[in-house]
Amino acid sequence: MNLIESQWIPVRRESGETHIAPWQITDPSDPDLAIAAPRPDFNGALLQFLIGLLQTACPPKDGDQWADWLEEPPPPEILREKFRPFTHAFELDGDGPRFMQDLGTLDNKNDPKNISALLIDAPGEITINENRDHFVKRGHCNAICPACAATALYTLQTHTSGVGAGNRACIRGVGPLTTLITLDPDGSKLSESLWRNLWLNVIENPASAFLGEIKCLDSKSDVFPWLAPTRTSESTTGQITTPLDTHPLQMYWAMPRRIQVEWRNTVSGHCELCGNISDSLVTHYRAQNYGIQYTGAWEHPLTPHFVSTTSSPKPIRASVETLTYAHWAQHVLGNEKVRPAKNVREFHSKKLQEEQLRIRAFGYEMDKKLVAKARCWQETTYPLYTLEPAILEKFTARTETMIQTATDTASMVRSCIKEAWFKRPGDAKGDTAFLVEAFYSHTENHFFISLNRLKEQLKNGEDGTATLQSWHSLLIPAALDLFDYWTSRGDFATINPRRNTQAHRKLRNWLYSKKLKQTLAVSGDKEKAA
Ligand SMILES: [Zn+2]
């Protein structure tokens, strides 16, 4: 199966669900609306696969061409022509190089693994041996179709955290967060389509210093590492792979794991992931450790990074915490510690005043203690604003104040609830981070409505303190409601009215404190927020 020519990508169209070849994403007769994979991580991976393919095969020459193609997608035949020179790198099976699979001979001493182990949330060997696979069971899919195998390979190579000795992590480290720009159909002049949601994330060619161009066919194995023997990373005889050793576009096609799917022993039946009938379901694969070890100053274009003057950029991880609005400003506007993803940074210089856009952020949340273990797939969307340069600085400052006061208030709510619950809250065991997350989810809608208002106020020449003041009057009921909710739960015998009253008073004192009011320019303290 060739992943450029075959119809294998599951999509939802107005006429229903179907499978298409990558070059058919702009079919004008029945435009694709979205990827429709059987798992959410597959949806995220296929979006990145298609963005990577467009970035590799047809980057825009300049901003005008980028804007033209956003409005008027190229016909499928043009895309097919653009993709054609790369076809040989996208063979999934057969005797030559195979997509995302090792070109060499893997050690036959290793037993073939069940195909389900390609899935990132599959239980590992230790979990199975210890009978701890309570939530995701072993062997829950024993045979999958070639399309699902291709997607599983790309998902694993793009997100693996390196389970087991010598198994290398993906180029973005453990549990990377991906931030993609999408059109919001409400309030946009352009209609939403899969093409537009991909093309919005393709970086313009003037950024070639960042992503480069493929100068000649010989360099293709620098982009697609499976076209050449793997740069292995054994501790004594192997090597590391830095941005200087290969092509920057390899960030979209990185291959940290040495894998070969067993294409010769297939069976017929229903794919246990997507349900489609196939006469070439795969059941096993072989793997060997010490694949490509990416290290150094890689900065993936679809991920925000922590930056510092003393070390390489560090990709931000996906977690329930990093997907709250408390981190929104970092991922979208950036600050001295965080650089938004390249696709998001470029967006701010584009003229998209008539479009309403959103960020779709997703990734695997990995276990904090067992970094190799995926806890769950996290995904959310939040707004993206087109801001004129004249108001950008003030907008960023006001937004940071709102986020900081929300963070402080969330922390105070948690602390007061614990003081109401426990005689000695400092000794109380158990994770109460959910109280902070509950506060953010309770106030998220208000936060983004307030940002809309802030943008309008700044455009009208106001200083935005009115938004800060109304943010104060939103934080108060949100904090008190949450306190009342959680302190009135449970067994009445365990509720201590005295502790409750004291903690409630402490929370009220904080909410009406001079410090908070000054920060949010409430009652005559406007000059403090300027
Ligand atoms: Zn399938």
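Quick caveat, the model's predicted, so the values are computed rather than measured.

Here is what the cut-offs are and how they apply
Residues numbered from 1 in each chain as written. Predicted model: local features only at pLDDT ≥ 70, side-chain atom pairs only at ≥ 80, totals over all residues. Heavy atoms only, no water. Salt bridge = Lys/Arg side-chain N within 4 Å of Asp/Glu carboxyl O. Helix = DSSP H or I, 4+ residues; strand = E, 2+ residues; numbered from the N terminus. Buried < 20%, exposed > 50% of the residue type's maximum accessible area, 1.4 Å probe, protein only. Donors = N, O, S within 2.8 Å, 3.2 Å for Na, K, Ca; no water. Tetrahedral: all angles 85-135°; square planar, octahedral: opposite > 155°, others 65-115°. Core = buried A, V, L, I, M, F, W, Y, C linked by side-chain atoms within 4.5 Å. Contact = heavy atoms within 4.5 Å. Polar contact = N/O pair within 3.5 Å; in protein donor to acceptor, adjacent residues only side chain to side chain. Pairing = 2+ DSSP bridges. Axes fitted to C-alpha atoms, helices over the stretch in contact; angles between N-to-C directions. pLDDT = per-residue confidence, 0-100. Phe/Tyr/Trp six-rings, centres within 6.5 Å; stacked < 30°, edge-to-face > 60°. Lys NZ or Arg CZ within 6 Å of the ring centre and 35° of its normal.

The next subject is the pattern of salt bridges. Considering all chains together, one arrives at 17 salt bridges under this definition. Between Glu5 and Arg80 there is a salt bridge, with the nearest N and O atoms lying 2.7 Å from each other. Here Arg80 lies in helix H3 (residues 76-83) and Glu5 lies in the segment before strand E1 (9-13), a separation of 75 residues in the sequence. The salt bridge involving Arg258 is made with Asp102; its shortest N-O contact spans 2.8 Å. You can see Arg258 sitting in strand E7 (residues 258-261) and its partner Asp102 sitting in the loop between H3 and strand E4 (113-114), a full 156 residues away along the chain. With respect to class, Arg258 is no different from Asp102; both count as buried. Salt bridges sharing common partners tie together Arg13, Asp27 and Asp32.

The protein atoms that coordinate the zinc ion are Cys145 (SG), Cys148 (SG), Cys271 (SG) and Cys274 (SG), at distances spanning 2.2 to 2.3 Å. For the zinc ion, the four donor atoms in the first shell make angles of 104 to 112° at the metal, so the coordination geometry reads as tetrahedral. Ordering the donors of the zinc ion by residue number gives the pattern C-x2-C-x122-C-x2-C. Accessibility assignment for this pair places Cys145 and Cys148 in one class, buried.

Time to look at the nonpolar core. Counting residues in hydrophobic clusters, the biggest one holds 150 residues, and the most contacted among them are Phe49, Phe90, Phe99, Trp253, Trp328, Phe439 and Leu507. Among the elements that take part in this core, helix H11 (residues 389-421) stands out by supplying eleven residues, more than any other.

If you trace the backbone, Arg196 turns up in helix H6 (residues 194-199). Between the C-alpha atoms of Arg196 and Trp69, which are 127 residues apart in sequence, the distance is 8.6 Å. Residues within four places of Arg196 in sequence aside, it is in contact with Leu70, Glu71, Leu183, Leu190 and Ser191. Polar side-chain contacts of Arg196 include one of 2.8 Å to the backbone oxygen of Glu71.

What follows is about the sheet that holds E1. Overall, antiparallel pairing links the three strands, which are arranged E2-E1-E3 in an open sheet. This sheet does not close on itself; its edge strands, each paired only once, are strand E2 (16-20) and strand E3 (32-35). Across this sheet, the average inter-strand angle for adjacent strands is 40°, counted without regard to direction. Bridge analysis of E1 against E2 gives five bridges, and the strand direction is antiparallel. In the strand pairing of E2, Ile9 is matched with Ile20. Sitting on the sheet, helix H1 (residues 40-57) touches E1 and E3, and the angle it makes with E3 is about 120°.

Once that is clear, we can look at the confidence of the model for the protein chain. On average, residues of the protein chain score 89 in pLDDT, and 91% of them reach the 70 mark or higher. Counted against residues more than four places away or in other chains, residues 525-530, with its pLDDT under 50, gives twelve contacts.

If you walk across this open sheet you meet the three strands as E4-E10-E7, and the pairing is antiparallel. Bordering the open sheet on either side are E4 and E7, each of which pairs with just one other strand. Bridge analysis of E7 against strand E10 (residues 284-288) gives four bridges, and the strand direction is antiparallel. Paired with Val261 across the bridge in E10 is Tyr285.

A few words now on the side chain of Asp367. Here Asp367 is to be found in the loop between strand E15 (357-366) and strand E16 (374-384). Beyond its immediate chain neighbours, meaning those up to four positions away, Asp367 contacts Lys373 and Arg375.

One non-glycine residue, Met100, adopts positive backbone phi at about 60°. Along the polypeptide, Met100 turns up in the loop between H3 and E4. Relative accessible area serves as the criterion here: at 0%, Met100 is assigned to the buried category. Located in the positive-phi region is Tyr290, a residue other than glycine, with phi close to 65°. For Tyr290, a relative accessible area of 26% translates into the label partly exposed.

A separate point is the packing of aromatic side chains. If you walk through the whole model with that rule in mind, you get 35 aromatic pairs. Ring geometry for Trp195 and Trp199: centres 5.1 Å apart, planes at 15°, overall stacked. Placement of both Trp195 and Trp199 in helix H6 is noted, with a separation of four residues, approximately one turn of the helix. Classification of Trp199 by relative accessible area gives buried; the value is 0%. Every member of this aromatic cluster is reached through a ring pair, and the members are Trp8, Phe49, Phe86, Phe90, Phe99, Tyr154, Phe224, Trp226 and Trp253. Residue placement shows Arg39 over the ring face of Phe42; its charged tip is 5.3 Å from the ring centre. Positioned above the aromatic ring of Phe86 is the side chain of Lys220, whose terminal nitrogen or guanidinium carbon lies 4.5 Å from the ring centre.

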